[in-house]
Amino acid sequence: MQKVLLSWSSGKDSAWTLHVLRQNKEVEVVGLLTTVNTHFNRVAMHGTRKTLLEAQATAARLPLWEVPLPWPCSNEVYERAMATACQSAVASGITAIAFGDLFLEDVRHYREDRLRGTGLTPLFPLWGRDTRVLIAEMINGGLRARIVCVDPSKLAADFAGRDLDRDLVASLPPSVDPCGENGEFHTVAYEGPMFYEPIPIESGECVTRDGFVYADAIPRTNAPAVA
């Protein structure tokens, strides 16, 4: 069985990738590989709190492979940190890294180039899926996610903080990919078949930073235990 690390953004695509991989008896997902902005203590880009990231890993029953990044972070520093993580993965007997990318060719080529010669094979389980069909499959399959980051140049800022459900998808402008693959929005997953229990969350403040609108999602640590 091939041991696989999953590139984990904390969002719906990586969460659904975990679900898909777990149905493949030829692979074993052994960890979630995540870049964390050490200045804000949050997942890079998505802005997910580290406490919520840790709750996801617990709910998925998988260890976190955390890659700490400074802020600001140059591409050179990022690539050096990822190279170190890849070396550790190979030393641990891992042979592949899976990504939740859907159709952006330049992103896929970048990942393939960076992994070439490392001993790690890039996997793209969701690649080429029709995103309208895919988002319906996610929602119908029980995935629950909240929009935590919006690019206001591509989507109205008031979408931040809303749950990604059928009504929201139906209300997206035609120019917006229903999975947000062009960077229109990012999500955090808090329930679904990839988790052994849901993660109770509540809404925090909404802020604008570096041209993006972030809606904070906070894990409810005082929630009643799930039976």
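Just above, that's the structure.
Now for a description of the structure that goes with this document. (Residues numbered from 1 in each chain as written. Predicted model: local features only at pLDDT ≥ 70, side-chain atom pairs only at ≥ 80, totals over all residues. Heavy atoms only, no water.)

Here the focus is the sheet that holds strand β10 (residues 212–219). Pairing is antiparallel in the open sheet, where four strands are placed in the order β8-β7-β10-β9. Each end of this open sheet is capped by a strand with a single partner; those strands are β8 (185–191) and β9 (201–209). On average, each strand axis in the sheet is inclined to that of its neighbour by 30°, with strand direction left out of account. Bridging between strand β7 (residues 144–150) and β10 involves two bridges; their strand directions are antiparallel. Counted as the bridge partner of C149 is Y214 from β10. (Pairing = 2+ DSSP bridges. Helix = DSSP H or I, 4+ residues; strand = E, 2+ residues; numbered from the N terminus. Axes fitted to C-alpha atoms, helices over the stretch in contact; angles between N-to-C directions.)

For the rest of this paragraph, the subject is the packing of aromatic side chains. Each aromatic ring pair is characterised by the separation of its centres together with the angle its planes make. For the structure shown, the criterion picks out five aromatic pairs. Between F40 and W71 the ring centres are 5.1 Å apart and the planes differ by 70°, which places this aromatic pair in the edge-to-face class. One end of the pair, F40, is in the loop between β2 (27–37) and β3 (42–43); the other, W71, is in the loop between β4 (64–69) and α3 (75–91), with 31 residues separating them in the sequence. With a relative accessible area of 29%, F40 lands in the partly exposed category. Residues F124 and W127 carry aromatic rings whose centres are separated by 6.0 Å and whose planes lie at 65° to one another, so their mutual orientation is edge-to-face. (Phe/Tyr/Trp six-rings, centres within 6.5 Å; stacked < 30°, edge-to-face > 60°. Buried < 20%, exposed > 50% of the residue type's maximum accessible area, 1.4 Å probe, protein only.)

What follows concerns the pattern of salt bridges. According to the stated counting rule, one finds twelve salt bridges in the structure shown. With a shortest N-O distance of 3.9 Å, E197 and R61 are connected by a salt bridge. Taken together, the residues span a long stretch of sequence, with E197 in the loop between β8 and β9 and R61 in the loop between α2 (50–60) and β4 at a distance of 136 residues. Owing to a relative accessible area of 24%, E197 belongs among the partly exposed residues under this scheme. Between D101 and R111 there is a salt bridge, with its nearest N and O atoms 2.6 Å apart. Placement of D101 in the loop between β5 (96–98) and α4 (105–115) and of R111 in helix α4 is noted, with a sequence separation of ten residues between them. The network of salt bridges with common partners includes R42, R49 and D216. (Salt bridge = Lys/Arg side-chain N within 4 Å of Asp/Glu carboxyl O.)

Okay, the pairing of β2 next. Burial of β2 is extensive: nine of the eleven residues sit out of reach of the surface. Looking at chain direction, strand β1 (residues 2–7) and β2 are connected through six bridges and run parallel. Paired with L5 across the two strands is G31, which belongs to β2. With helix α1 (residues 12–21) bridging β1 and its parallel neighbour β2, the resulting β-α-β unit is right-handed. One ladder, built from six bridges, connects β2 with β4; its direction is parallel. By the bridge assignment for β4, L32 is matched with L64. Relative to β3, β2 runs antiparallel, the two sharing two bridges. Looking at the pairing, N37 lines up with R42 of β3. (Right-handed = clockwise from strand over helix to strand, strands pointing away.)

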